[in-house]
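# Geometric and topological summary
In case you want the letters, here they are:
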Amino acid sequence: MKPDLDLDRLAYETLVDKAKTKSIWKDGVFLPEEYNRIADAVENFEVRDDDVWVCSFQKSGTTWTQEMVWGVTHDADLETTKTYLNERFPFLEFTGIIITARVAMRENHPDLERWIYDSVNYCKDLPAPRHIKCHLPFNLLPRQIRTGEKKPKIVYVARNPKDVCVSFYHHSLLLEGYCGNFQQFCELFLGDRLNYAPYWNHVLGFWEKSKGMDNIMFIRFEDMKTNLPDVIRKTAAFYGKQLSDSQVNKLAEHLSFASMKKNPSLNKERTVEIISEMKVFGEHRPKGEFIRNGTVGQWKEKMSDETIARFNKWIADNLKNHLDYKV
């Protein structure tokens, strides 16, 4: 972080007017103040042992992992994937975090889907086994998970933070009302002024828990890119599923970048339409695509040498006591 930079002010001023909000620190996590509206409901969420959870820091390959896990738990039955992902595999804390929901609550849009304006209860009422997505770090997960009272199987996906930063920047332009430049976004990322930060608290929190909790499986975006069928098989074993080679190959094809990019249940075109219709960002119109690149190493083209050096030092500093963690 540059010593003369006011990060809190930067975080506020790089959002379009309708997206601006006060931020809070909740148990060491940077969040919009609207999270307080659902914090108790999340803390006391009644977890079930047969729940299926996917957790991650934003833009680490979450949608990809959700669709993989769904395919595995449904025996590669692709007919079941045609329903919109946010309906069948909803986002637990959406209502208290995401700008679409925050504007909807402020301006009273009763015609919106329940997973937007009442996400915690929407998840609660899902038929078993419930599939739930969550971006909260381990220390903010529902109490029953943290204490081990309930042990749903959780897949946590991580990604190289430099690629996370690039992807998060484009995501924020499209869906979060961010209007600053990329270098400013890097400052916010390194300075822990983005939703769910600090990054390392998030990733290393789950990494350390996965060593002692057999209901957490830790995977990496880069491993999925290198050998997706292998990760599918490991995920199937984690959930006690036996998939044939034909099923694995069918699911891997369904999970290809080209397939996902044109899949309306995954590519968030509907979400972008909702943002435009509600004028969530005022007259500002979102630009870009949700499933945009999906590659490893995109930071090499986007970041300056100086920024890369700062990220490398930041990574080294945070991993000096976690030498078993691979970026």
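Look above for the structure.
Residues numbered from 1 in each chain as written. Predicted model: local features only at pLDDT ≥ 70, side-chain atom pairs only at ≥ 80, totals over all residues. Heavy atoms only, no water.

## What about the overall build of the protein chain?
For the protein chain, the count of helices and strands is 19 helices and six strands. A total of 327 residues make up the protein chain; the buried ones form 57% of that total. Restricting the contact set of the protein chain to residue pairs at least 6 apart, pairs at least 24 apart contribute 76%. Accessible surface, the protein chain: about 14200 Å² in total, of which carbon and sulfur atoms supply 48%. (Helix = DSSP H or I, 4+ residues; strand = E, 2+ residues; numbered from the N terminus. Buried < 20%, exposed > 50% of the residue type's maximum accessible area, 1.4 Å probe, protein only. Contact = heavy atoms within 4.5 Å. Areas by Shrake-Rupley, 256 points an atom, 1.4 Å probe, with all protein chains shown as cover.)

## So, the pairing of strand 4 (residues 131-134)
Here strand 4 shows no split at all, with His131 and Lys133 on one side and Ile132 and Cys134 on the other all buried. When strand 3 (residues 52-56) meets strand 4, the two strands line up parallel, connected through four bridges. The residue bridging Trp53 from the neighbouring strand is Ile132, located in strand 4. (Pairing = 2+ DSSP bridges.)

## Observations regarding the pattern of salt bridges
Side-chain pairs of opposite charge can arise whenever the charged atoms involved come near each other. Within the structure shown, the criterion is met by 17 salt bridges. For Glu43, the salt bridge goes to Arg146, with nearest N and O atoms at 2.9 Å. One end of the pair, Glu43, is in helix 2 (residues 39-43); the other, Arg146, is in helix 9 (residues 143-146), and 103 residues separate them in sequence. Accessibility expressed as a relative area gives 26% for Glu43, which makes it partly exposed. Its relative accessible area of 28% is what places Arg146 among the partly exposed residues. In this structure, the salt-bridge partner of Asp75 is Lys241, at a minimum N-O distance of 3.4 Å. Here the residue Asp75 occupies a position in the loop between helix 3 (62-73) and helix 4 (85-88), and Lys241 occupies one in the loop between helix 14 (228-238) and helix 15 (245-254), the gap between them amounting to 166 residues. (Salt bridge = Lys/Arg side-chain N within 4 Å of Asp/Glu carboxyl O.)

## Here we look at the sheet that holds strand 5 (residues 153-158)
Consider a sheet: its strands pair through backbone hydrogen bonds, and that pairing is either parallel or antiparallel. One open sheet holds the four strands; their spatial order is 4-3-5-6, and the pairing between them is parallel. Taken across any chain shown, the strands that pair with only one partner, and hence form the sheet edges, are strand 4 and strand 6 (216-220). Pairwise comparison of adjacent strand axes, ignoring direction, gives a mean angle of 20 degrees for this sheet. As paired elements, strand 3 and strand 5 share five bridges and run parallel to each other. Counted as the bridge partner of Val52 is Lys153 from strand 5. Here helix 3 sits on the sheet and contacts strand 3, strand 4, strand 5 and strand 6; the angle it forms with strand 3, its principal contact strand, is near 160 degrees. Sheet contacts for helix 14: strand 5 and strand 6; angle to strand 6, the most-contacted strand, approximately 175 degrees. (Axes fitted to C-alpha atoms, helices over the stretch in contact; angles between N-to-C directions.)

## Some points on the state of the cysteines
Going through the model one piece at a time under the given rule, you end up with zero disulfides. Unpaired in terms of disulfides, Cys123 finds its nearest cysteine sulfur in Cys134, a separation of 8.8 Å. Overall, Cys123 belongs to the buried group, its relative accessible area being 0%. Here Cys134 stays free of any disulfide, with the sulfur of Cys55 as its closest cysteine sulfur at 4.9 Å. (Disulfide = S-S within 2.5 Å.)

## A look at the environment of Glu149
In this structure, Glu149 sits in the loop between helix 9 and strand 5. Filtering out sequence-adjacent residues up to four positions away, Glu149 remains in contact with Arg143 and Gln144. A distance of 3.4 Å separates the side chain of Glu149 from the side chain of Arg143, its partner in a polar contact. (Polar contact = N/O pair within 3.5 Å; in protein donor to acceptor, adjacent residues only side chain to side chain.)

## With respect to the packing of aromatic side chains
Counted under the stated rule, the structure contains 29 aromatic pairs. Ring centres of Phe138 and Phe206 lie 5.8 Å apart, and the angle between their planes is 85 degrees; on these two criteria the pair is classed as edge-to-face. Taken as a pair, Phe138 in the loop between strand 4 and helix 9 and Phe206 in helix 12 (residues 199-212) lie far apart in primary sequence, 68 residues in all. Each member of the pair, Phe138 together with Phe206, is buried. Between Phe189 and Phe311, the ring centres sit 5.8 Å apart and the planes meet at 35 degrees, which makes this aromatic pair tilted. Of this pair, Phe189 sits in helix 11 (residues 182-190) while Phe311 sits in helix 19 (residues 305-319); the two residues are 122 residues apart in sequence, bridging distant segments of the chain. (Phe/Tyr/Trp six-rings, centres within 6.5 Å; stacked < 30°, edge-to-face > 60°.)

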